[in-house]
Structure formats: C-alpha cells, structure tokens
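Residues per chain, in single letters:
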Amino acid sequence: MEKILISSGLIIAVLALTSLHNPKSLRKMGPGKEFTLTILYDNYKYEEGFKNSWGFSCLIEGTGQTILFDTGGNDGNLMHNFRAAGKDPGEVDMIILSHIHWDHTGGISEFLESRTGIEVYMPRSFPDEFKKEIESRGATPVLVSGARKITDNVWSTGEMGSEIIEQSLVLETPGGLVVITGCAHPGIEKIVEKAMEIKDRKVLLVMGGFHLLRTGTDEVEVIAREFRDKHIQYAAPSHCSGDGTIRVFKEIFGDKYLPLGTGRVVETGTL
Ligand SMILES: [Zn+2]
Ligand SMILES: [Zn+2]
C-alpha cells in the first residue's frame, strides 16, 4: 500500500514538473476558445487549387457563430475558394467588413446571392449607398462605432483611423489573443495596442494585411522587433504587407512566422 502511495505521489510530482517545464501547456490555461482560421482570399497563395487576386478574406470557425471576415474583390474567387476549401457558404452566420475598400468588400454581392438574411457588421462611417445595397440583398447592416463584443470570445476594435476608417478583430483563445486585420490602415501597432486594451492578455498571433508596402525595411524591422519584445508569439503578415515586410518578419520571428495565403488553415490550438 505504502509503495503504491509513494509511486502515485511520484507520478503526480513528475506530471507537475513536466507541465511547469512545458510553457505551452501553461499557456493553454487561460480563458477563451480555440479557433480554425481559413484564408479564402489573398494575393498570396498557400495551397494548390485556390485562386488568387488582390484582397483578403478569412473564415473564422470555433465560436458558436461562423464568421466571414472581409470578402475579397468581386471576381468570383471567393466562391471558388469556398469550394476549394470544402467550406459551405450556407454555414456562415455573419459577415464582418474591416473597411470600405473594394478588395475587402467586393465579394459580398456574389456571396449574398447564396447566403442571405445574415448580419453584416461594418464601420458606422460606411457610405449610406453601401448600407442600402446590403439591405436590398436581404442582409442586415450592423453599424460598429466603438470597441464591442461581437459574439463569444470575439471583439471588434471599433472604428479606428482618421482617413481610412477600419475595424479589426480580436479573438480570445486559451493561449492569448489573436488579432486579425484587413489592411491595417490605422497602423498595425496601434491596432495591436487597442486589442490589448480591450482584453488585457498577451497576443498569441497577429495576422492579415499589415499595410507596410511602402514602409522602409529599417522601419519594418523596428516594428517586428517591437512586436517580438511585446511577447507577441506568432506573426502572419499577408495581403498588403509587402514582400519586404514578409522577409523581415520571417527573419525576426523565425519559426514563429506563419506564412498565409489562400487555402492556409491556422488551428489556434496547435500554436
Ligand atoms: Zn486591402
Ligand atoms: Zn485598404
């Protein structure tokens, strides 16, 4: 009996030590849910069988509601890529549009032909004609101004920026926050700061368009180092980030840089 007690005690001690020495298992102890993120529209390609053109769209599954974040441009590629990914547009519960640019909103008309009666979250400052157009296609515009909860474990940063108004998404996972941007016109650093204001947690992953196409390499390096110093675990710049930006993030984040592109599936639970 004594022997059994000693050995079970040992096992517990070993298990406790293993979890202490495995930062991943400790990270998983926070609140939130794991998500599956599928890139359905991007100018970068990740998998064969997908079509690419300038723009961005990401399908977010894992909360009770399936979210389509941005819709890419109006060239049929979004619907093609839905099929290529084996995803059903009919399963989408809501659309969230980051900003008015055509490469993020253009695909919505075609999408609403196959899936109607859903809510479309958009910055309040969107033009009235756009809101009317959405209504005429049987969907309901939901206007976002300040930071707000969208659904379980999902927040919008609310409208940010002065010239081009944009909202970004913040997901809460057990391992930390996931920040998803469309184009990041208000500035990728400001968006990350805002996300951490909404939820006082570390950032697990920042992904999407970083809008650093015309930013010099030195400046991009400063941003990437700052992100790493803030303990942002993973970075996945795509869309309007620029090839140079992607190279810099790859160099600074090493194996914590995640390549995106159409067909890429990120399971937050595996990070
Ligand atoms: Zn864009
Ligand atoms: Zn844009």
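Here, every reference points to the structure presented above.
Residues numbered from 1 in each chain as written. Chains lettered and ligands numbered in written order. Predicted model: local features only at pLDDT ≥ 70, side-chain atom pairs only at ≥ 80, totals over all residues. Heavy atoms only, no water.

**Re the pairing of strand β12 (residues 234–238)**
Note the cut-off: Three labels apply to residues, based on accessible area from a 1.4 Å probe with only protein chains included: buried if under 20% of the type maximum, exposed if over 50%, partly exposed otherwise in between. Strands here are runs of E lasting at least two residues and helices are runs of H or I lasting at least four, both read from the DSSP assignment and numbered beginning at the N terminus. Paired strands, as defined in this entry, are two strands with at least two bridges between them according to DSSP. We call a crossover right-handed when, viewed with both strands directed away from the observer, the connection leading from the first strand over the helix to the second proceeds clockwise.
In terms of burial, β12 is a largely internal element, five of the five residues being buried. The alternating pattern of β12 places Y234, A236 and S238 and A235 and P237 on opposite faces, both of which are buried. Bridge count between strand β11 (residues 203–209) and β12: five bridges; the pairing is parallel. Looking across to β12, one finds that V206 is bridged to A235. Between the parallel elements β11 and β12, the chain passes through helix α8 (residues 217–229) in a crossover that is right-handed.

**Considering the coordination of the zinc ion (ligand 1)**
The condition that has to hold: The rule for donors is simple: an N, O or S atom within 2.8 Å of the metal counts, and for Na, K and Ca the reach is 3.2 Å. Water is not among the atoms, so a site may look short of donors. Only two sets of limits are used to name each site, 85 to 135 degrees for every angle of a tetrahedral four-donor site, and over 155 degrees for opposite donors with all other angles from 65 to 115 for a square planar four-donor or octahedral six-donor site, with any other site named irregular.
Protein coordination at the zinc ion (ligand 1): the donors are D103 (OD), H104 (NE2), C183 (SG) and H239 (NE2), at 2.1 to 2.3 Å from the metal. Angles of 91 to 157° at the metal separate the four donor atoms of the zinc ion (ligand 1), which places the site in the irregular class. In the primary structure, the donors to the zinc ion (ligand 1) are separated according to the pattern D-H-x78-C-x55-H. The distance between the zinc ion (ligand 1) and the zinc ion (ligand 2) comes to 3.7 Å. One end of the pair, D103, is in helix α4 (residues 102–105); the other, H239, is in the loop between β12 and α9 (243–253), with 136 residues separating them in the sequence. For the pair formed by D103 and H239, the shared burial category is buried.

**Quick notes on the coordination of the zinc ion (ligand 2)**
Geometrically, a metal with four donors at the corners of a regular tetrahedron has ideal angles of 109.5 degrees, and one with six donors at the corners of a regular octahedron has ideal angles of 90 or 180 degrees. For the zinc ion (ligand 2), the protein coordination sphere consists of H99 (NE2), H101 (ND1) and H185 (NE2), at 2.1 to 2.3 Å. Of note, the donors binding the zinc ion (ligand 2) are all from one chain and are spaced H-x1-H-x83-H.

**Focus on the sheet that holds strand β1 (residues 36–42)**
To keep it simple, the criterion reads: Note on geometry: axes are lines fitted to C-alpha atoms, helical ones only across the stretch in contact, with angles between N-to-C directions running from 0 to 180 degrees. Residue contacts follow a heavy-atom distance rule, with two residues in contact if any of their heavy atoms lie within 4.5 Å.
Strand order in the open sheet formed by seven strands is β6-β5-β4-β3-β2-β1-β13, with mixed pairing between adjacent strands. Every other strand in the sheet has two partners, leaving β6 (140–144) and β13 (265–267) as the edge strands with one partner each. With direction set aside, neighbouring strand axes in the sheet form an average angle of 20°. With three bridges joining them, strand β3 (residues 67–69) and strand β4 (residues 94–96) adopt parallel strand pairing. Paired with I67 across the bridge in β4 is M94. Along the sheet face, helix α3 (residues 77–84) touches β1, β2 (56–61) and β3 and points at about 140° away from the line of β1.

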